[in-house]
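Residue-level listing of the chains:
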Amino acid sequence: MNVSDSDQSFFTRHQFLIYRLFSLSGLIPVGAFLVVHLVTNASVLAGPGSFQARVDLIHSLGPLLVPIEWAFIFLPMLFHAAVGFVIIAGGLPNVGSYPYVGNVRYTLQRATGMIAFAFIIWHVIQLHWMGAPLGGGKFDPHHASSSTAVALQPIGVTALYAIGVLSAVFHLANGLWTLGITWGLWTSPAAMRRASWVSVAVGILLGGAGLGALAGMRRVDVEQARVIENRMDEVKRMLEGREPVGGPAVRVPEAAPAVPVSAPNSSEGS
Amino acid sequence: MAQGRVLVIGGGLAGLAATMRMAELGVAVDLVSLVPVKRSHSVCAQGGINSVNALTRQQGDNEWKHFDDTIYGGDFLQHQPPVKEMADWGPRIIDLMDRLGVPFNRTPEGFRDQRRFGGTLYKRTAFAGATTGQQLLYALDEQVRRYEAEGRVKKWEFWDFLEPVLDDAGRCRGAICQDLVTMKFHAFPADAVILATGGCGLVYGRSTMSMVCTGSAVSRAYQAGAAYGNGEFIQVHPTAIPGADKLRLMSESARGEGGRVWVPRKSQDARDPREIPEAERFYFLEERYPKYGNLVPRDIATREIFDICTTEGLSVEKDRLCVYLDLTHLSREMLDRKLGGILEIYEKFQGVDPRSVPMKIFPAVHYSMGGLWVDYERSANGGMEEGAVRNQQTSIPGLYAIGECDYQYHGANRLGANSLLSCIFSGLFVAPSIVSATGSKPASAESRLFEAALRRQEQRHESLLSKRGGDENPYALHQDLGSLMTRVATVVRRNEQLVAAYGEVCDLEARWRRCSLSDSGNWTNQNVVFTKSLGDMFPIAKLILKGALLRDECRGAHFKPAFSMPGIAATDPVEQRREAEQWCDRFEENTRKWLKSTVARHGADGHPQISYEDIDTSLIPPRPRLYGLVGGDVIEEVWKERGQRQATGVAAKAAVAVGAGV
Amino acid sequence: MIQAVSPSDAEHDSEPHAAAKTVHVRVLRQDAPGQESYWERHAVPYEPNMNVISVLQKIAERSRAEDGRQVAPVAWDCSCLEEVCGSCTMLVNGRTRMACSALVDRLLEESPGEIELRPMSKFPVVRDLKVDRSRLFHALERVKAWVPVDGSYDHGAGPRISPEEQEDAYPLSTCMSCGCCLEACPQYTKIEAVRRDDESEADFEQRRTAAFDRGFIGAHAISQAVLFNGHPTGRMIADERLASLTAAGGIQQCGNAQNCVAVCPKHIPLTRSIARAGRAATVWAIKKLFDR
């Protein structure tokens, strides 16, 4: 047995632990983040001001935001994705021969995982400041609704977002159900059925929030939103005792990265 | 720790029990099986396993009564000491299987539940759902796997036993086996070889037995010189589901819960059975046996169903003999509650719901009471001496037989739920005998013995493979053999038919020699394996036919109308007594003549040489079996009086002897 | 000729698929491990109540393909023919099941015209429809699927067990190691070790066992571990079973597709076993973490 033990990679030797951490990471923190993220975004339905207020709250973390983002979102997500790809590579979907509901869910779980991962990469590049060098980074935390609305304006983009968001939501909701089996929360077929309904409900609510956020973003009147956002920004700066930046003129997109890049970093932190 | 290496052929209940016990005693075991041992035929046993238990004991039961029921049920054709030993071991065996984790059904308080089976008044049968055999086998399989993991047992699955290797003194020194995947031959030198290869149902073509129950291993031992006992005793189960591939058991409980057996009065009435009016249905069991109705004893039910289809030509179908077993008048709820499991089997394999359409059933070959003749050593208390080298040993020293393939425990007829017991018992009990045998082994066998045997087997194999231009198809020949044997050597036996059939079997055997194979390759060639085992079915078929032909009486499963002893016809009490006296005279005479084991030996000319061996009936004197016989009560009365007379006579003689001594 | 039709013939003619009187079968054959597989067509006369076993028996008897060529009989495993021994698993019309309980009438309803037979895809083919399922039995050894009794000497009865416990355990104990759950499992992938020319039988055996040990253990073995961890005596080595269930290729590889329970011919609640094993593994892993 020693021979085979030494043959085994780190991954093989700690397979159980890694798979369980994988399962857990899907719920906490990645799943939890998704819930917060979608609910936050859905707040745009209550107007650009409401959304801006929530974004401001998040960005009030200031210099802590980056480490928090990496520790609780990006790294767990990358871990979840990496292990997920190993798992997907090790499986042989066979829904053609065995078209049972459970198997369809199994296959969709893998498909949505991959779609969601691709979507998230695109999404981060497009909106997060880290994507600026690649021509993205279009989200401006000071103009949360308007900058997002502009970015999502092409119908194709919205459609891709809808697919990406629904994939992530399905992946989470169905993952919740499989997690309960993996960890042994629901064991009997009846309990699994009940849990199934819970995951369907979670999926519908989250999917509603996600699609609501998208619809909300498309409804945003960019000019009007910008007025509101500028006003809020002024108030903020006044409270922080600093000069307002720029006037009410529309910021050209190309110029956008400059501010967000500096915003969470040195200029505000110092 | 004991030493030595033992070869076990067959991994059913008996083979696994023996393997487990021997591994525990420190003997290294090679376990050879045609299939992975977990797939052995023992899995098919449904009902349960008999033994005296705490409950029945308080109702007056004891090991002796279990012993007596088994002997009486077997029509006294067994040597009594081994059967007594088995009954004595019953409680311990159930306890052991319980400890091994068999999920026996439980009472509300958590004790093992028991049910009543045929041939006894007590609830002796422990059961695990409807798959007791499977559960018992799995428990032993698990223990053997544990020993295998420890390196004490080596399994050779998908291997075929070809011949025992005998030394010049006629002692078995090992065996030649063949890998059924690579087709390679291998010699297994062993201090003892144990055959645990089950029954020979395939000699009858289709039966309730598994496809591995070819009887070929036993036949190969027989052809090498081992004696075969009571071959003509074949149990036929009255109700099985006829299938194109096999006959599947339909439990007796279907009749127990109110199922009615009938045929249309018009032969092969093509109408839907549900549209045949009551007046045009022939409930032949109810009409002929008003007292017992559909619940006549098994052998009678079997004979009646067989007769109505063959002699009276009233089979439901023309090409396939069968009668209706009708449950459609019973409520679905009741059927589902009480018979759910077995009705599902019918539905699964026939694709018809027996709750709404009458089932089609027919008797089927089910168990071979006969098998390799084995020895035993009688102990002081009338049982079997534990650890004696002779126990379960065939007529070839060093070659042992256990389980269904020995002839020792069931006589002329096996009681339900006794087969599982006999398999586990003989398996456990043979182990200490093997240890004794391996302790006294002579110097190791010469390799030339094995080389010669290997060459012989390779030649047989090669000659089968290389034969060209033969015009016979082994599968077709097997069907012919099966239908012939089923026709003449099952339920009803007639001498003229047996004589003719013997000749036909010899013809089939001659035709078998002209078989050419459709697969002449040497990789997983199931064609050649089947053809070989078919060739080995003929000697068994011949000894069954010849044994049946020579045995001019009715005993247990062996029924010859020409020699039956009908009950009492008279109604006048005096005349009744006279007839009963005559009946008892005839019974005593028949006992003197026929209460003997049939012992067949393979002759050099290929024909069985039959001789008879006296039976040890020292513990329970033979008495008539009177199940359902007309006037049985009068005969019983007369028989008892004779017994008393005899007893007083013996006592008087003893008193005289004692007096003379003084 | 109307008179020539026997009553039974008339009855069969009323059934839609029986009119042809011939069952067409397509078999995926392979002569030996490592060789190319190929399709072969057979036609056998139809009979009522036929199952796939009787079709294969007729193919063996005819030894001729549909085009009349003389061919070797198709090799396959079978024994009890009443769905209790677990031998005859194969892919019938693309789905894993027992050949003995696969009735031709139903199959023709499923896919009219032809029945397709293929060997299981998750086990190495030995020949034609016969595969090598030794990995399946090895998994039972991995989880120590036995009650660790002292021995077979008499120690009285086993532990008292309530009817509820028995009813819970019995279905799990009816697992016949057929391998349907493994065949249908998208997480269970084939391990086919080929002996190298320079390798001894023992070395090959060891290498193959090591590969089996790393591969997914499968639903059947997880369920057996749950069965024995539920037995009063069996649970005395529960920790050893949980150790193997959480080793490489253990329960964590389950992907919750739940095909196992959908295809199990014995309707064993395999997903319940998996979830129970998951729960036990959770508790055990946490305990191990804190007890260390």
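None of these values were measured; they are calculated from a predicted model.

Overview of the packing of helix H13 (residues 474-488) of chain B against helix H16 (residues 537-550) of chain B
All names here are of chain B.
Inference 1: Packing of H13 against H16 leaves a shortest axis separation of 12 Å and a crossing angle of 15°. Comparing the axis directions of H13 and H16 gives the class roughly parallel. Once H13 is placed against H16, the crossing between them reads as left-handed. On the side of H13, the interface is formed by His478, Leu481, Met485 and Val488, while H16 contributes Met537, Phe538, Ala541, Ile544 and Leu545.

Some thoughts on the arrangement of the chains
Inference 1: When the two pairs of chains in contact are ranked by number of contacts, first place goes to chains B and C.
Inference 2: There is a clear gap between chain A and chain B: no contact, and 14 Å between their nearest C-alpha atoms.

A word on the interface of chain C and chain B
Inference 1: Contacts between the two partners involve 73 residues from chain C and, on the opposite side, 68 residues from chain B.
Inference 2: The junction of chain C with chain B conceals about 6000 Å² of combined surface from both sides, 50% of it contributed by carbon and sulfur atoms.
Inference 3: Sorting the residues of chain C by area buried against chain B places Glu61(C), Glu82(C) and Ser152(C) first, and these three jointly supply 11% of that buried surface.
Inference 4: At the surface where chain C touches chain B, the tally comes to four salt bridges.
Inference 5: Salt-bridge contacts for Glu82(C) lead to Lys246(B); the nearest nitrogen and oxygen are separated by 2.9 Å.
Inference 6: Counting only elements with at least two residues in the side of chain C that touches chain B, the list comes to helix H2 (52-62), strand E6 (125-127), helix H4 (134-142), helix H5 (163-173) and helix H8 (219-229) of chain C.
Inference 7: When residues of the side of chain C that touches chain B are assigned to their parent elements, the largest contribution, five residues, is made by H2(C).

Side note on the sheet that holds strand E20 (residues 596-602) of chain B
Residue and element names in this part refer to chain B.
Inference 1: Ordered by their spatial adjacency, four strands build an open sheet running E18-E11-E20-E21, and the pairing between neighbours is antiparallel. What marks the edges here is a single partner per strand, and that holds for strand E18 (371-372) and strand E21 (608-614).
Inference 2: Across the sheet, helix H6 (residues 216-223) lies against strand E11 (228-229), E18, E20 and E21, angled at about 75° from E20, the strand it touches most.

A closer look at the pairing of strand E14 (residues 260-264) of chain B
Residues and elements named next belong to chain B.
Inference 1: Of all five residues making up E14, four are buried, and the element is well covered by its neighbours.
Inference 2: Across three bridges, the pairing between E14 and strand E16 (residues 323-326) is antiparallel. Bridge assignment links Arg260 to a residue of E16, and that residue is Asp326.
Inference 3: Where E14 meets strand E15 (residues 281-282), two bridges bridge the pair, whose relative direction is antiparallel. Looking at the pairing, Val263 lines up with Phe282 of E15.

Quick word on H4(C)
Inference 1: In terms of residue burial, H4(C) counts as a mostly covered element, since seven of its nine residues are buried.
Inference 2: Regarding H4(C), the residues found buried are Arg135(C), Leu136(C), Phe137(C), His138(C), Ala139(C), Leu140(C) and Arg142(C).
Inference 3: On its buried side, H4(C) packs onto helix H5 (132-149) of chain B together with helix H6 (180-184), helix H7 (201-214), H8 and helix H9 (238-245) of chain C.
Inference 4: Directly after H4(C), the chain includes Lys144(C), whose backbone phi takes a positive value near 45°.

Some thoughts on unusual backbone geometry
Inference 1: Residue Pro29(A) is reached from Ile28(A) by a cis peptide bond, and omega for that bond is 5°.
Inference 2: Locating Pro29(A) in the fold gives a position in helix H3 (residues 15-42).
Inference 3: In this structure, Phe76(B) is a non-glycine residue whose phi angle is positive, near 65°.
Inference 4: Along the chain, Phe76(B) turns up in the loop between helix H3 (63-73) and helix H4 (80-99).
Inference 5: One non-glycine residue, Ser63(C), adopts positive backbone phi at about 55°.

Reading the values: the criteria
Residues numbered from 1 in each chain as written. Chains lettered and ligands numbered in written order. Predicted model: local features only at pLDDT ≥ 70, side-chain atom pairs only at ≥ 80, totals over all residues. Heavy atoms only, no water. Axes fitted to C-alpha atoms, helices over the stretch in contact; angles between N-to-C directions. Helix = DSSP H or I, 4+ residues; strand = E, 2+ residues; numbered from the N terminus. Parallel < 35°, antiparallel > 145°, perpendicular 65-115°, else oblique. Left-handed = near helix turned anticlockwise from the far one by under 90°. Contact = heavy atoms within 4.5 Å. Buried area = accessible area lost by both parts, 1.4 Å probe. Salt bridge = Lys/Arg side-chain N within 4 Å of Asp/Glu carboxyl O. Pairing = 2+ DSSP bridges. Buried < 20%, exposed > 50% of the residue type's maximum accessible area, 1.4 Å probe, protein only.

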